[in-house]
Structure formats: structure tokens, C-alpha cells
Amino acid sequence: MTDIGFVRSNLVEPRPAPVRTSGAIAWAQKNLFSTPLDTVLTILGLLFLAWILPPLYGFFFGNAVEPNGTVEQCRLDNAGACWAYIAAEMEFFIYGFYDIPEQWRPNIVFALGAALLIPLLIPKAPFKRTNAVLFLLVYPIVTYFLLAGGVFGLKPIPTEKWGGLLVTLILSVVGITLSFPLGIILALGRQSKMPIIKTVCVGFIELVRAVPLITILFMASIMLPLFMPQGTTVDKFLRALVGVTLFTSAYMAEVVRGGLQAIPRGQYEAASALGLGYWKRMWFIILPQALKHVIPGIVNNFISLFKDTSLVYIVGMKDLLEAVKTKNDTALEWQSANTATTGYLFAAMVFWVFCFGMSRYSIYMERRLNTGYKR
Amino acid sequence: MSQVSETTVARQIDTSHMQVSKTEVAIDVINMHKWYSDFHVLRDINLRVMKGERIVIAGPSGSGKSTLIRCINRLEEHQEGQIIVNGTELTADLKRIDEVRREVGMVFQHFNLFPHLTILQNLTLAPIWVRGIPKAEAEATAMHYLERVKIPEQANKYPGQLSGGQQQRVAIARSLCMQPKIMLFDEPTSALDPEMVKEVLEVMIGLAEDGMTMICVTHEMGFARQVANRVIFMDQGQIIEQNEPEAFFSNPQHERTKLFLSQILH
């Protein structure tokens, strides 16, 4: 009857985990052919790929007309994508109607933007503060005067002439950098105990969220001037910029609010008990944690904004997509069966590259900031 | 949450600095009432804490003991009566609230360390941004207190990497870095594994030995016996009985106190 008694005489030392079976065959057996149903699905999948891949390859590469090709090649019966058209119209896709001899100006803006943004995104790069000040304060001013001209003997170029990728990028970068802090302020305002601030923020968010972006852009560009005093005009580009920014900031506010709600009350209390005032509490304790929680939602909004910039065509601006569409419709010398398709594919690829880049970067950031559960 | 234990720390406590001032009042609570909407949670609280006093507040859960100490640094608002801390009366005036909070440290049941900051950053944030102390000096102070709670080697880790007992010791050190005149403890050991209770109590006893004015809401009756100079028993939002620990435990007067003690002491 004393069988249940047990005393360990020697402790078990830890040892390495058993070696896992590996190799292509083991992997395939486990993942592709583990059951009859799996095997059938695998075969069906392979058949589907065999059916879809060769024509796609043919369209994009095999039968495609190379960038230095001619329109005659594009008009051949079995011709694939007409990359020659993209190459020939690239300038329009990037700059729109921006004066051709002045295109060095947007080029400097692009180069400067990349030179300032990339080190800002790399955590280990030095001089973060200087870099941020340059990017957020100095760069926009430089960009404005460089693009608009009218100073230092630069030829004035009205915003109506700006177009293509230039417009898409300006709208997105400005929209993102302004709507983010604005959204945070709105989210904090929505949680405020002060009734007026709270009402204003809730009202703004609910109003803007309940209206389509197109309506806001339309209002900004057509209705707004009606209410303005005679003779004052606000630039159309600026109006679109404000519209896109306000629209995104309302969404951003709700995402940030989600993050704020995820922070336990104890964090607010501990920060208060240490004597930190409201803004310090938010800046050092609450927001860093709240924003980290909602990185996917924030980036989701950035990506939406980036793609939504193409809606500015409604107020007559030529962003990348609209520039492509314009050329598709008007470049008679490039008319062929696949010209329009190739144009839209090109636009899609450009959008995809930027959006995918943002997505990957956000995943990288999430991992880097994941200190709370670090072991 | 209310495990009751009789953990005692097996060493002689050095009482040489544990003097209670006869004239200097640290906290004065006068005819104080508090309601949570319609619920009268604190009723007619009168409590004068002298400088250097070590007070343990005991009582069943829901008796208002946590709420009381949270009123002392205005994490909760009172509706009637006065609370005067270090000569500053707590009102809606934010300036006064911050003034009081700078001088009153608080330790929570669930530690509430900032998980996105390292231990050292947790300790230096408030001294740097509230007191305006230079970073190097704040870090030196932080290391001093980390050594005092016996975990200087954890300075560059994140809270999530520490055990519960270590986290609570960091939380105490974090409060001490602000060099408070008063420390409030809100069930500091209730969320800890039994093995870790002692290491936290050790630190608290050390503080008492240095003459810190302390109010502890705790179920550690061993600690109360060893360290407190006054034990307060609360029930239904009021102070039912208070006395020196020896008399409180051996000769409780009120029926409610007797019942409470009979249930937690065996």
C-alpha cells in the first residue's frame, strides 16, 4: 500500500531537443501528400499552376515588347505587354504636365525625400532628431518652393501642371505625416473629460467618417469656394491635400482610440502617481504602448490613403492612375490591343510596390518594438 | 486576491531610526466621505498620520481600504471633508495634486511597471521629467535604489523578463527614486507567488527601518506585527478599530474585528 510514495533521487539534466526529420522528401510527405485528399489537392494545384503560369509568363516576358521596342511590335497578333509604351510615356506618368526642362526640380525633391526618409526608417542610423526636423519642417518648405517656383529665379509652375507619381507621392506623404498626429490628437480629445473638446472631436470624427472621400474632395473643391469671400482662392491641390488629410485623420483617430483602450488603467495610475502630468503621461507611457498595439491598423490606414489619392481625379487632378488613363485614352500613336492593359498593370505595380513596402516595414517595426513580451 | 499569510522575516529589526514624530503631521484626513455614484464607499474617515508612522490597514475586501489610500494621492476623488498631505490640501487644483504626488510614492498590487521601458528607464523617467534631474544623476540614483532592492544586474532588462517579486521590488525602487516623504502600499504582496512575498517584505522592512512614513494595505499580519506602530481595521467604508499591533491582535474590542481576526488567524 505504500506504492504511491516517491522521492526523486537524482535530478534530470536538460538535454538538447531531438533532431527534426528534414529534407525535401520528408517535407513533401508531411505537407503535400499526407492523406489521399491532400494528394488530390496537390495534383489539382499543380495542374492549375501549369494552366495559368505559361500564359502569364508569355504576356509579361515571353511575348512582351521590350522597353526599347516599337509600336509595330506591340500591334502584332501574339504580342504581350507593351512595355515600350510605358518607357516612352514614363515622363508623363511621373511628372504629368510639369514643364519638361524643369523636371530636374521634382527629381531633386525625390532624391532629397529618399535621402531624408531612408535614414529615418533605419533604427540604427544616427542623428534621428536632426533628421526628423529636416524631414518634417525643412523638407516641405524646400519642396514647395522648388516645385512651385517663383523664387530665386525659378520659373513658376502652377499646381495644375503637377501630375503623375509626383502628385500621388506628395499627397500620400503629406497626408500620412499630417493625419497621424492629427488622428492622435482627435483620439485623445475623444477621451477628454472636457465636454467641449470631447464634443468637437466626436463630432468631427463621426461626421467625416460617415461621408465618402469623394464627397469630401468634391465639397472641398467645388462647394468651399462658394463660401469663401470674393477674390480669395485656395489652391485646388491644397484643398485636395486638406481633404485627404482630414479624412484619414478621422479613421486614424478611431484606430488610435482602440490602442488607448487596450492600455490597462494601472499604467495611467502608475504614471499619475509618479507625478507625471497629462501630456508627459501620454507621451512617455500611454502612446508608445497604445500605438504599438495598433501598428497594423495604422499602416492599414496609410495604405488606404496611398491608394485613395487616386480619387483626386474627381477634382481634375492627374495622379499616377489618372495620368496613365489619360495616356491610354489619348496616345493614339501607341494604340494597340494591349496598350491600356499594360498601362494599368504598370500603375498597379507601382501602387503595389509602395504598399507592400509599407506593409513589410510595419511588420519589421512590430517585431522590433515587441519588448513587452521579450524573454 | 486576499490570501492571508503570516510571513515573518527572521531577523531583528533595527528600530533606532523608527521614531514617530510627535509634532509633524504627514497626512491629515478630516471627516472625509466618498461616493462611487450612489454608493457611499468611504464614510466619515478621520485619520492623522504623523511623520515616521508605519500604518497597516486591514479589512475584508470591499471595505474601502484601497480606496482610502488612493484618495491620499488623488487617484480617487473625495466629495466631502479634507485631505491634507504634507500641508497641502487636495482639491481639484491640478497643481496641488502634482505637488502632492511628487512627494507621495505608491506601490500597486499589480506592480504597473512600464513594459515598453527598461528597468533603468522605468526608474529614471519621473526624476528626469518631473523633477528635472540630469540623466546621469538620475541613473546613479536609480542604480543606488536597485542595489538596495538587490537587483542591480537587471537594470537593462525589460519588466516582462523579471519575476513577480523582482518586478515589485523594481516598483518600490521606482517610487523611491522620486525621494518621496510618504509611501503608500496597495496590497503589494497579494499578486505574488508565496516564495516571493518575503523578498518584497524585506525591502519594505528596510524602508521602515530608515524612518519612512508608510501606509500599507496588506493581509500580511506578520508584517503588521513586526513593523507597524498602528493597525487600522476597516469595514463597510469606515474605520472600525485602530490600535497598536500588540493590543490589536491580542485584545480586539469591536465584534467585527474579532470576527475578522478569528477568520484569518489560526
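Residues numbered from 1 in each chain as written. Chains lettered and ligands numbered in written order. Predicted model: local features only at pLDDT ≥ 70, side-chain atom pairs only at ≥ 80, totals over all residues. Heavy atoms only, no water.

By the naming in an unreviewed UniProt entry, chain A goes by Amino acid ABC transporter permease and is assigned to Devosia soli. As stated in UniProt under Sequence similarities (unreviewed entry), the record for chain A gives "Belongs to the binding-protein-dependent transport system permease family. HisMQ subfamily." (UniProt positions renumbered as here; feature names shortened; annotations may be inferred.)

Now for the pairing of strand S9 (residues 230-235) of chain B. Residue and element names in this part refer to chain B. Burial analysis of S9 places six of its six residues in the buried class, the great majority of the element. Burial of the side chains of S9 extends over both faces: Arg230, Ile232 and Met234 are buried on one face and Val231, Phe233 and Asp235 on the other. By the bridge criterion, four bridges tie strand S3 (residues 54-58) to S9 in an arrangement that is parallel. Note on S9: the bridge partner recorded for Ile57 is Ile232. Bridge count for S9 against strand S10 (residues 238-243) is five bridges, and the pairing is antiparallel. Within the sheet, the bridge partner assigned to Phe233 lies in S10 and is Glu241. Connecting S9 to the next strand, S10, in antiparallel fashion are two residues, including Gln236 with a positive phi near 50 degrees. (Buried < 20%, exposed > 50% of the residue type's maximum accessible area, 1.4 Å probe, protein only. Helix = DSSP H or I, 4+ residues; strand = E, 2+ residues; numbered from the N terminus. Pairing = 2+ DSSP bridges.)

A few words on a nonpolar patch on the surface. Residues and elements named next belong to chain A. Nonpolar side chains collect at one region of the surface, where Trp104, Ile108, Leu112, Val133, Leu134, Leu136, Leu137, Val138 and Val142 lie side by side and expose about 720 Å² of accessible area between them. For the nonpolar patch, the elements supplying multiple residues, two or more each, are helix H5 (104-121) and helix H6 (128-148). Top contributing element to the nonpolar patch by residue count: H6, with six residues. Leu134 sits in the partly exposed class, given a relative accessible area of 35%. (Patch = residues over 30% accessible without salt bridge, like charges linked within 9 Å, V, L, I, M, F, W, Y side chains within 5 Å. Areas by Shrake-Rupley, 256 points an atom, 1.4 Å probe, with all protein chains shown as cover. Salt bridge = Lys/Arg side-chain N within 4 Å of Asp/Glu carboxyl O.)

We now examine the pattern of salt bridges. Here the structure, examined in full by the defined rule, presents 21 salt bridges over all chains. For Arg209 of chain A, the salt bridge identified is with Glu206 of chain A, shortest N-O distance 3.5 Å. With Arg209 of chain A and Glu206 of chain A both in helix H8 (residues 195-209), this residue pair falls three residues apart, about one helical turn. Here Glu206 of chain A falls in the partly exposed class, since its relative accessible area comes to 32%. Across the pair Arg70 of chain B and Glu76 of chain B runs a salt bridge whose closest N-O atoms are separated by 3.2 Å. The exposure class assigned to Arg70 of chain B is buried, which follows from its relative accessible area of 8%.

The next subject is the environment of Phe218 of chain A. Tracing the chain through its elements places Phe218 of chain A in helix H9 (residues 213-227). The sequence separation of Phe218 of chain A and Val315 of chain A amounts to 97 residues, and the corresponding C-alpha distance is 6.5 Å.

Taken as a whole and judged by the stated rule, the model has one cavity of 30 Å³ or more. The calculated volume of the largest cavity comes to roughly 40 Å³. Looking at the largest cavity, the residues that line it are Ala273 and Leu274 of chain A together with Arg101, Arg102, Val104, Gly105, Met106, Ser175, Met178 and Pro180 of chain B. If you list the elements that add at least two residues to the lining of the largest cavity, you get helix H2 (94-103) and strand S6 (104-107) of chain B. Of the residues in the lining of the largest cavity, the class split is six nonpolar, two polar and two charged. (1 Å grid on protein atoms, 1.4 Å probe; cavity = no way out; pocket = protein on both sides within 12 Å on 5 of 7 lines; lining within 4 Å. Points joined across faces, edges and corners; volume = space filled by probe spheres on them. Nonpolar A, V, L, I, M, F, W, Y, C, P; charged D, E, K, R; others polar.)

All names here are of chain B. On the basis of which strands lie adjacent, the open sheet formed by six strands has the order S6-S7-S8-S3-S9-S10 and mixed pairing. Both outer strands of the open sheet, S6 and S10, are each paired with one neighbouring strand and no more. Neighbouring strand axes in the sheet, compared pairwise and without regard to direction, differ in orientation by 20 degrees on average. Relative to the sheet, helix H1 (residues 65-72) contacts S3, S6, strand S7 (182-186), strand S8 (213-217) and S9, its axis offset from that of S7 by approximately 150 degrees. Its contacts with the sheet put helix H9 (residues 255-264) on S3, S9 and S10, and the angle it makes with S9 is roughly 100 degrees. (Axes fitted to C-alpha atoms, helices over the stretch in contact; angles between N-to-C directions. Contact = heavy atoms within 4.5 Å.)

Another point: the packing of aromatic side chains. All names here are of chain A. Under the defined criterion, the tally for this structure stands at 22 aromatic pairs over all chains. Judged by centre distance (5.0 Å) and plane angle (85 degrees), the rings of Tyr278 and Trp279 are edge-to-face. Among the residues examined, Tyr278 registers a relative accessible area of 34% and is labelled partly exposed. Here the aromatic residues Tyr57, Phe59, Phe60, Phe61 and Trp83 are joined through ring pairs into a cluster of three or more. Positioned over the ring face of Phe92 is Lys327, at 4.8 Å from the centre of the ring. (Phe/Tyr/Trp six-rings, centres within 6.5 Å; stacked < 30°, edge-to-face > 60°. Lys NZ or Arg CZ within 6 Å of the ring centre and 35° of its normal.)

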